[in-house]
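# Fold and geometry: a report
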Amino acid sequence: MPDTARAGTASEPLRRFIEVARGAGLRISAAESIDAMRVADVVGFADRQVLHDSLSLVMAKSAEEKRMFSDCFSLYFRRDDFAGADDDPVSEDAEGMPSSGGQGGGGGGGGQGEGGGGGGGSLAEMLLANDRAGLAQAMESAGAASGLSNIAFFTQTNLYTRRIMERMGLRALESEISGIRARNEAPEQERADRLESGREFLRDQVRDFVERHLALFARGATEKFREDMLRNARLSNLEKRDYERMRALVRAMAKRLAARYARNRRKRNRGQLDVRRTIRRNMAWEGIPFVTVWRQRTIEKPRVMVLCDVSGSVAAMAQFLLMFLYALNEALSDIRSFAFSGSLIEVSEILERDTTEAAIAKIMAAVGLGSSNYGNALLDFEQGRMSKVDSKTTVIILGDGRGNRTDPRTDIVERLSARSKKLIWLNPEYRSSWGTGDSDMLRYLPYCHVATVCNTLRHLETVVTDLLKDSR
């Protein structure tokens, strides 16, 4: 076999293993995947322990990841199908029949019928011969042909079990059993009994095979489905049991955004040559421009002030916004945070000193869950902090704009909008509710550079992404 064909054949199971490992939570980059392929080419698949140790060096970086890697590796490369049952599942005294090894296995034979798991003997012959190697290989081939790696839910277990057995030749097997029963000839009834026993044994083995693939491949798909659902769920509707998962999602999203926008803040503009500095740099070569110098512009990290309404249902949204922003400290130069219900307090030191969860609890105990009074809160901000707002400051207000029919002080919002770089209002209510009842949102709207519905994690990610993009 040519080297390229051999490499392609060997890389496919490893590619699927990398997919499984990622689904289990391992962080494997494209470069690490290439390294894993090269490692497998060097050490081969013959010695499983050597392969395990070698791949773990390039695919697992922490002690926890090495544990997850070992679990995935053991489950994925397990090949003990048909090994744990009795010596002969169809008969212990198979007169005239070999009890192991068998004539059907050499080529990895599958069924001859519907879809075919490969060459070799028929399914009936392999069962009667107790050809476990042939059955295992036929099952592997039938599983691949049935798309077993796409299994995502437990309810699909019976479906894939049936598909695999049919590709191995189940229909031909059942037809043979039915024919023997119909002829009702005593000498052949024993053969039918043994084939029925072998069919049930095979079904158990295939089901175990499918369930193992469910554990491998469905974990990533199920987690992705769950995470997508949480990203699009209203934060005020979350159950307490989902909070820890949501916190992990917030940290992961913030880390991803920070990695993207907190790189070297000096952008090289290749389109503009700095002639003066280029000549100065090349004085040693009599001014011949061996080394070019390009103009650079410094991109400042955004400065952010956040005013969070922590009354009632808005509190759930507020805690995730604050958690998100403080996890982005690498991409934001300065964050000052304020919380209010009836009055406003600065909470920056609490959030910087304590863990986010502990800080949120302290903030809620101090000012949370009270009756909203936007006028008082805005007045507190103007009297103590308005002087800190300048043309480089982005102000984010998170709240529903419902002040319980108190003076909304839109004049303060107007001055705040004029002083700041951008005033962003995030409202957890849908636009259809703005201006209804005691909502003053439509009165604040003319002074906002951006006013948008924000009640899910996906909304939050979009807003913060736009904020970081705007600074570049």
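For the structure, check the block above.
Scope of this entry: the structure provided in the associated data block. What you see is a predicted model, and the numbers here were worked out from it, not measured in a lab.

Let's shift gears to the nonpolar core. Ranked by size, the top nonpolar core spans 49 residues in total, and within it Phe17, Leu55, Met59, Ile164 and Met168 carry the most contacts. Those residues within four positions of Leu55 in sequence are excluded, and the remaining contacts are Leu14, Phe17, Ala36, Val39, Ala60, Phe69 and Phe73. Core analysis: the second largest hydrophobic core is formed by 47 residues, Leu238, Phe320, Tyr326 and Leu467 among them.

Here we come to the packing of helix α3 (residues 48-59) against helix α4 (residues 63-76). The contact between α3 and α4 brings their axes to 10 Å, and the two run at 140 degrees. Along this stretch, α3 crosses α4, giving a crossing that reads as right-handed. Across the interface between the two elements, Arg48, Leu51, His52, Leu55, Ser56, Leu57 and Met59 of α3 pack against Glu65, Lys66, Phe69, Ser70 and Phe73 of α4.

Running from N to C, helix α6 (residues 132-145) and helix α7 (residues 157-168) cross one another at 120 degrees; their axes reach a closest spacing of 9 Å. As the angle between them shows, α6 and α7 are arranged oblique. Here α6 and α7 pass one another in a crossing that is right-handed. On α7, the residues that touch Leu135, Ala138, Met139, Ala142, Gly143 and Ala145 of α6 are Ile164, Arg167 and Met168. Tallied by class, residues from the contact of α6 with α7 come to seven nonpolar, one polar and one charged.

This paragraph deals with the environment of Leu135. Within the secondary structure, Leu135 is located in helix α6. For Leu135, a relative accessible area of 1% puts it in the buried group. Leu135 sits 13 residues away from Ser122 along the chain, and the two C-alpha atoms are 10.0 Å apart.

Taken as a whole, this structure holds 27 salt bridges when the rule is applied. The shortest N-O distance in the salt bridge between Glu65 and Arg27 comes to 3.1 Å. Of this pair, Glu65 sits in helix α4 while Arg27 sits in the loop between α1 (3-23) and α2 (30-43), placing them 38 residues apart in sequence. One salt bridge in this structure joins Glu188 and Arg183, with 3.0 Å as the shortest N-O distance.

On to the packing of aromatic side chains, then. The tally for this structure, following the rule as stated, stands at eight aromatic pairs. Where Phe17 meets Phe73, the ring centres are 5.9 Å apart and the plane angle is 90 degrees; that geometry is what we call edge-to-face. With a gap of 56 residues between them, Phe17 in helix α1 and Phe73 in helix α4 connect regions that are remote in the sequence. A relative accessible area of 0% places Phe17 in the buried class. On the accessibility criterion, Phe73 (4% relative accessible area) is buried. Note on Phe69 and Phe73: the rings are 5.9 Å apart at their centroids and 35 degrees apart in plane angle, and the pair reads as tilted. You can see Phe69 and its partner Phe73 sitting in helix α4, four residues apart, about one turn around the helix. For the residue pair Phe69 and Phe73, the accessibility class agrees, reading buried in each case. Linked through ring pairs, Phe340, Tyr374, Trp425 and Tyr444 together constitute an aromatic cluster. Above the ring of Tyr160, the side-chain terminus of Arg163 is found at 5.3 Å from the ring centroid.

Rules behind the numbers
Residues numbered from 1 in each chain as written. Predicted model: local features only at pLDDT ≥ 70, side-chain atom pairs only at ≥ 80, totals over all residues. Heavy atoms only, no water. Core = buried A, V, L, I, M, F, W, Y, C linked by side-chain atoms within 4.5 Å. Buried < 20%, exposed > 50% of the residue type's maximum accessible area, 1.4 Å probe, protein only. Contact = heavy atoms within 4.5 Å. Axes fitted to C-alpha atoms, helices over the stretch in contact; angles between N-to-C directions. Helix = DSSP H or I, 4+ residues; strand = E, 2+ residues; numbered from the N terminus. Left-handed = near helix turned anticlockwise from the far one by under 90°. Parallel < 35°, antiparallel > 145°, perpendicular 65-115°, else oblique. Nonpolar A, V, L, I, M, F, W, Y, C, P; charged D, E, K, R; others polar. Salt bridge = Lys/Arg side-chain N within 4 Å of Asp/Glu carboxyl O. Phe/Tyr/Trp six-rings, centres within 6.5 Å; stacked < 30°, edge-to-face > 60°. Lys NZ or Arg CZ within 6 Å of the ring centre and 35° of its normal.

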